[in-house]
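# Working through the structure, step by step
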Amino acid sequence: MEPSPQTLIAVLRNSHERLASLAHAVSEEFLTERSYCTDWTVAQVLSHLGSGAEISLLMLESALSGEPMDREAFAPIWDTWNAKTPAQQAADCLPADDAHISRLEGLTDAELGRISLDFFGMKLDAAGVVRLRLSEHAVHTWDVAAAIDPVAVVAPEAVAQLIGQLFWLAERTGRPAEDPFRVRLRGSYPDVDFLLEVAGKVALTPWPAEGSGPAGGAGPAGGAGSADGEIHLPTEALLRLMYGRLNAAHTPPAEVIGAPGLLDQVRAVFPGY
C-alpha cells in the first residue's frame, strides 16, 4: 500500500534527528574529512542538504500554489551555501532542514491533497514530493554516518519507504552496457525480489511470480534460470548498491550465484550521483 504523506513526513523528521545527532557529534576538524561521497567533505554533504532543504521548500510552495517554480533561484542558493565555511555549513544545515520539515508537518490534509509537482516527466503528489526529499536526505545522512562508522546503515524505516523508488532510480541513473546481462536481486529485511536487466537501457522490475514464465516456468521470458546470476543482500545494501554506495569496504556478507565479478558488474551500472 502507498504510505500516507504523514507517514513519510514522520520518517523524514526522524532522518533529520539522525542527521542532527551526527552533526553534533563531530568536531570542527572532522567536517573537512571526506564523506562516503568522495567528491565531498562531511561539511559539503551538510551544505548540500541545507541548500536542498531551501530548494525543497521552494518546490513545496510551487506545488501548493500551482505557480511555476523559478529554477533560476537555485543557483544563488547553491552559491550562498558554497561560500560558507565548513563550520557555517554544518551550523546552518539543521535550521534550514528543520524549516522545510516543519512546513510539511504544518500542512492540513486538504493542503497535502492538492499538492501536484511536475518532476522529470512525472506528476508527483504529496507522497511523491516527500519521498523525493527522503531519498536524498536518508542517503546523504548515511554518507556522513559512514564517514564516522564504516558499518553504518541507511535508517531501516527509510529503506522500507524507498524500495518503490528503486524502479525509477534504475531507469534514470543506471548505465547501459554493451554486453547485455540479467541479474536476479534478492533482498531481506524487508524481503524483495527483483530482476535487473541491463542492455541499451537499464530496467528493474519485480521478479515474476511462480508460474508466470512460458509453459509455467518460474522466471521471466525464457523460463526459470534465464537470469545470468543472483545476488542476495540485505535490502538496505541493495538500496545503497543502486545509489552507488556499495564499495567493497561497505558491503555486508553477500551470496552471489554466477560468474566471478557479478557484483562488480552490477556496481558499474550504478556509479552513484
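Residues numbered from 1 in each chain as written. Predicted model: local features only at pLDDT ≥ 70, side-chain atom pairs only at ≥ 80, totals over all residues. Heavy atoms only, no water.

### As for the nonpolar core
Generally speaking, a soluble globular protein has its nonpolar side chains buried in company with each other. Core analysis: the largest hydrophobic core is formed by 82 residues, its most contacted members being Ile 115 and Leu 185. Among the elements that make up this core, the one with the highest residue count is helix 6 (residues 126-148) (12 residues). (Core = buried A, V, L, I, M, F, W, Y, C linked by side-chain atoms within 4.5 Å. Buried < 20%, exposed > 50% of the residue type's maximum accessible area, 1.4 Å probe, protein only. Helix = DSSP H or I, 4+ residues; strand = E, 2+ residues; numbered from the N terminus.)

### Let's talk about the pattern of salt bridges
Considering all chains together, one arrives at 15 salt bridges under this definition. For Arg 245, the salt bridge is made with Asp 143, and the minimal N-O distance between the two is 2.7 Å. Taken together, the residues span a long stretch of sequence, with Arg 245 in the loop between helix 9 (235-242) and strand 7 (255-257) and Asp 143 in helix 6 at a distance of 102 residues. Each of the two residues, Arg 245 as well as Asp 143, counts as buried. The salt bridge involving Arg 182 is made with Glu 197; its shortest N-O contact spans 2.5 Å. In this pair, Arg 182 is assigned in strand 3 (residues 181-188) and Glu 197 in strand 4 (residues 192-198), connecting sequence segments 15 residues apart. Residue Glu 197 is classed as partly exposed on the basis of its relative accessible area of 28%. Among the charged side chains, a network of salt bridges with common partners joins Arg 13, Glu 17, Asp 98 and Glu 105. (Salt bridge = Lys/Arg side-chain N within 4 Å of Asp/Glu carboxyl O.)

### Quick word on the packing of helix 2 (residues 42-65) against helix 6
At a closest axis distance of 10 Å, the pairing of helix 2 and helix 6 adopts a crossing angle of 170°. In terms of orientation, helix 2 and helix 6 fall into the roughly antiparallel class. On helix 6, the residues that touch Val 42, Val 45, Leu 46, His 48, Leu 49, Gly 52, Ala 53, Ser 56 and Met 59 of helix 2 are Leu 132, Arg 133, Glu 136, His 137, His 140, Thr 141, Asp 143, Val 144 and Ala 147. (Axes fitted to C-alpha atoms, helices over the stretch in contact; angles between N-to-C directions. Parallel < 35°, antiparallel > 145°, perpendicular 65-115°, else oblique. Contact = heavy atoms within 4.5 Å.)

### Overview of the sheet that holds strand 6 (residues 229-234)
Spatially, the five strands line up as an open sheet ordered 5-4-3-6-7, and their pairing is mixed. Lying at the two open borders of the sheet, with one neighbouring strand each, are strand 5 (202-206) and strand 7. Strand-to-strand twist in this sheet, taken as the mean axis angle between neighbours without regard to direction, amounts to 20°. Taken together, the five bridges between strand 4 and strand 5 define a ladder with antiparallel strand orientation. (Pairing = 2+ DSSP bridges.)

### Details of helix 1 (residues 5-25)
Taking 1.5 Å per residue, 21 residues should reach 30 Å; helix 1 reaches 30 Å between its end C-alpha atoms and fits that length. By the burial criterion, the buried members of helix 1 are Pro 5, Leu 8, Ile 9, Val 11, Leu 12, Arg 13, Ser 15, His 16, Leu 19, Ala 20, Leu 22 and Ala 23. Of the surrounding elements, those touching the buried residues of helix 1 are helix 2, helix 4 (86-105), helix 5 (109-113), helix 6 and helix 7 (156-162). (Expected span 1.5 Å × (residues − 1).)

### A closer look at the environment of Leu 246
Of note, Leu 246 is situated in the loop between helix 9 and strand 7. Along the primary structure Leu 246 and Val 26 are separated by 220 residues, whereas in three dimensions their C-alpha atoms are 24 Å apart. In contact with Leu 246, other than residues within four places in its own chain, are Tyr 36, Leu 233, Ala 237, Arg 240, Leu 241, Thr 251, Pro 252 and Arg 267.

### A few points about the environment of Thr 85
Along the polypeptide, Thr 85 turns up in the loop between helix 3 (74-82) and helix 4. Thr 85 gets classed as partly exposed once you look at its relative accessible area, which sits at 38%. As for Thr 85 and Gly 229, which are separated by 144 residues in sequence, their C-alpha atoms are 47 Å apart.

### Thoughts on the environment of Thr 80
With respect to the helices and strands, the residue Thr 80 is situated in helix 3. Thr 80 sits in the partly exposed class, given a relative accessible area of 45%. Put simply, Thr 80 and Ser 47 are 33 residues apart on the chain and 9.8 Å apart in space, counted from C-alpha to C-alpha. Side-chain polar atoms of Thr 80 contact the backbone oxygen of Pro 76, separated by 2.9 Å. (Polar contact = N/O pair within 3.5 Å; in protein donor to acceptor, adjacent residues only side chain to side chain.)

### A word on unusual backbone geometry
A cis amide bond links Tyr 189 to the next residue, Pro 190, at an omega of -5°. With respect to the helices, strands and loops of the structure, Pro 190 is situated in the loop between strand 3 and strand 4. A positive phi is found at Tyr 189, a non-glycine position, where the angle reads about 65°. Inspection of the secondary structure puts Tyr 189 in the loop between strand 3 and strand 4. On the basis of relative accessible area, Tyr 189 is assigned to the exposed category, the value being 75%.

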